[in-house]
Amino acid sequence: MTSLGQRKKIRDNFDGWLFVLPAFLFLFSFMIYPIAHTFMLSFQKFNFVYDNKPVFVGLSNYVEALKTPAFLKALSNTIRFTLWYIPLVFILGFLIGYIVTIPNLFSSKMSKIVLFIPMVIPISMSCYMFLFIMNPQWGLVNSFLSDFLHLPMLARDWMNDTRYALKIILVVTVWQRIGFVPLLFMSGIQSISTSIIEASIIDGASAYRRMWSIILPNLKGTFQIVGILAIVTSIKLFAQVVAMTGALGPNSAGGPANSTLTLYVVTWKAAFVNFDMGIGAAMGYLMSFIIVILFGINFIVTKSERA
């Protein structure tokens, strides 16, 4: 009896492992192995075009990456972008989400459709649309400044100006994400019990007091999710930079004068333009380390107090 029970248990476990096996092979092939292999590669010197095999160099790749002017410039640009992007997404996302929940102000179905329009447009198409708007010859912005406001001195080649190129990419990114974030806040606000809001109104609480004491404290979970999405979007900024500045080839991405170079772009250049996989892997893990730190800060700031 014992042997029969053990064989049945083994057979049942084997059937279970067969069901899990496809998912495990997928995770191992496309997540676990690449992460482990890239980690090992970050300690090796390897140019896959010129070198026959990797050579272990310890922490030299990390030290070299931190000394590279392009990486430091990308780090500075990414920090600047993050410091602008995260507050904008939080403030605009919450305000739009709150306004949409006001009864009889907007049609719920129509507002959701309008908010989702930027989300369904491909990133490349959005970038080219803004490039057309900012074009120095026939762009809408320069035409508006010159022909409508009669201020031609304010017209400029926006994407070739180091002062404005990163700001334009910031506008494009916010425009692309501003549709999804308000929906998160809207669902969070609608999940708050109406009895609490009605009780506060009966008690004479002002709109400001309801906002500060009821709505915002009940949105900590939503703020945490939005914070995670905002951190990942800002640190992994890539497609917008390449689409809007890489028209002349991979080496031009991040221009003009590296003013739009980000951590993701400089890592991509090191690994797949210069073919230095060791430096690229080290830069990738440095970027991951920054993301983990920001995640920790986000969790500390937005953590909910539970009884």
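Placed above this text is the structure.
None of these values were measured; they are calculated from a predicted model.

The rules we used
Residues numbered from 1 in each chain as written. Predicted model: local features only at pLDDT ≥ 70, side-chain atom pairs only at ≥ 80, totals over all residues. Heavy atoms only, no water. Axes fitted to C-alpha atoms, helices over the stretch in contact; angles between N-to-C directions. Helix = DSSP H or I, 4+ residues; strand = E, 2+ residues; numbered from the N terminus. Left-handed = near helix turned anticlockwise from the far one by under 90°. Contact = heavy atoms within 4.5 Å. Nonpolar A, V, L, I, M, F, W, Y, C, P; charged D, E, K, R; others polar. Phe/Tyr/Trp six-rings, centres within 6.5 Å; stacked < 30°, edge-to-face > 60°. Buried < 20%, exposed > 50% of the residue type's maximum accessible area, 1.4 Å probe, protein only. Polar contact = N/O pair within 3.5 Å; in protein donor to acceptor, adjacent residues only side chain to side chain. Parallel < 35°, antiparallel > 145°, perpendicular 65-115°, else oblique. Salt bridge = Lys/Arg side-chain N within 4 Å of Asp/Glu carboxyl O. Core = buried A, V, L, I, M, F, W, Y, C linked by side-chain atoms within 4.5 Å.

### As for the packing of helix α3 (residues 69–101) against helix α7 (residues 165–177)
Between α3 and α7, the shortest axis-to-axis distance is 10 Å and the interhelical angle comes to 35 degrees. As for how α3 packs across α7, the hand of that crossing is right-handed. Where α3 approaches α7, its residues Asn77, Arg80, Phe81, Trp84, Tyr85, Leu88 and Leu92 are matched on the opposing element by Leu166, Ile169, Leu170, Thr173, Val174 and Arg177. Of the residues that constitute the contact of α3 with α7, the class distribution is nine nonpolar, two polar and two charged.

### Structural notes on the packing of aromatic side chains
Summed over all chains, the structure comprises 18 aromatic pairs. Pairing Phe90 with Phe223 gives two aromatic rings, centres 5.5 Å apart and planes at 25 degrees, and the pair type is stacked. On the criterion of sequence distance, the pair formed by Phe90 in helix α3 and Phe223 in helix α11 (residues 220–235) is long-range, its members being 133 residues apart. No difference in accessibility class separates Phe90 from Phe223, as the two residues are buried. Ring plane angle 20 degrees and centroid distance 5.1 Å describe the contact between Phe144 and Phe148, whose orientation is recorded as stacked. In this pair, Phe144 and Phe148 are both assigned in helix α6 (residues 140–148), four residues apart and thus about one turn of the helix distant. Relative accessible area serves as the criterion here: at 59%, Phe148 is assigned to the exposed category. Feature note: the residues Phe90, Phe94, Tyr98, Phe185 and Phe223 constitute an aromatic cluster, connected by ring pairs.

### Here's the deal with the side chain of Thr245
Mapped onto the elements, Thr245 comes out in helix α12 (residues 239–245). For Thr245, the side chain forms a polar contact with the main-chain nitrogen of Gly254, separated by 2.9 Å. In this structure Thr245 touches Met159, Ile169, Ser252, Ala253, Gly254, Gly255 and Thr260, once residues within four positions along its chain are discounted.

### Section: the packing of α3 against helix α8 (residues 180–190)
The description of two helices packed together rests on the angle between their axes and the distance between the axes. The geometry of α3 relative to α8 is characterised by a closest axis approach of 7 Å and an angle of 55 degrees between their N-to-C directions. When the interaxial angle is binned, α3 and α8 end up oblique. Pair α3 / α8 crosses with right-handed handedness. For the pair α3 and α8, the contacting residues are Val89, Phe90, Gly93, Phe94, Ile96, Gly97, Tyr98, Val100 and Thr101 in the first and Val181, Pro182, Phe185, Met186, Ile189 and Gln190 in the second. Residues that form the contact of α3 with α8 fall into these classes: 11 nonpolar, four polar and no charged.

### Quick look at the pattern of salt bridges
The final tally for this structure, using the stated rule, is four salt bridges. When the shortest N-O distance is used, the salt bridge between Lys45 and Asp276 registers 3.4 Å. Here Lys45, found in strand β1 (residues 44–45), pairs with Asp276, found in the loop between α13 (263–272) and α14 (277–302); they are 231 residues apart in sequence, far enough to count as distant. Taken together, the shared-partner salt bridges in this structure form one network comprising Lys45, Glu64 and Asp276.

### Topic: the nonpolar core
One finds Tyr85, Phe185 and Met244 to be the most contacted residues of the largest nonpolar core, which totals 55 residues. The element best represented in this core is α3, accounting for eight residues. Discounting residues that sit within four places of it in the chain, Met244 has contacts with Cys127, Phe130, Leu131, Met159, Ile168, Ile169 and Val172. Counting residues in hydrophobic clusters, the runner-up holds five residues, among them Leu41, Phe46, Ala271 and Met277.

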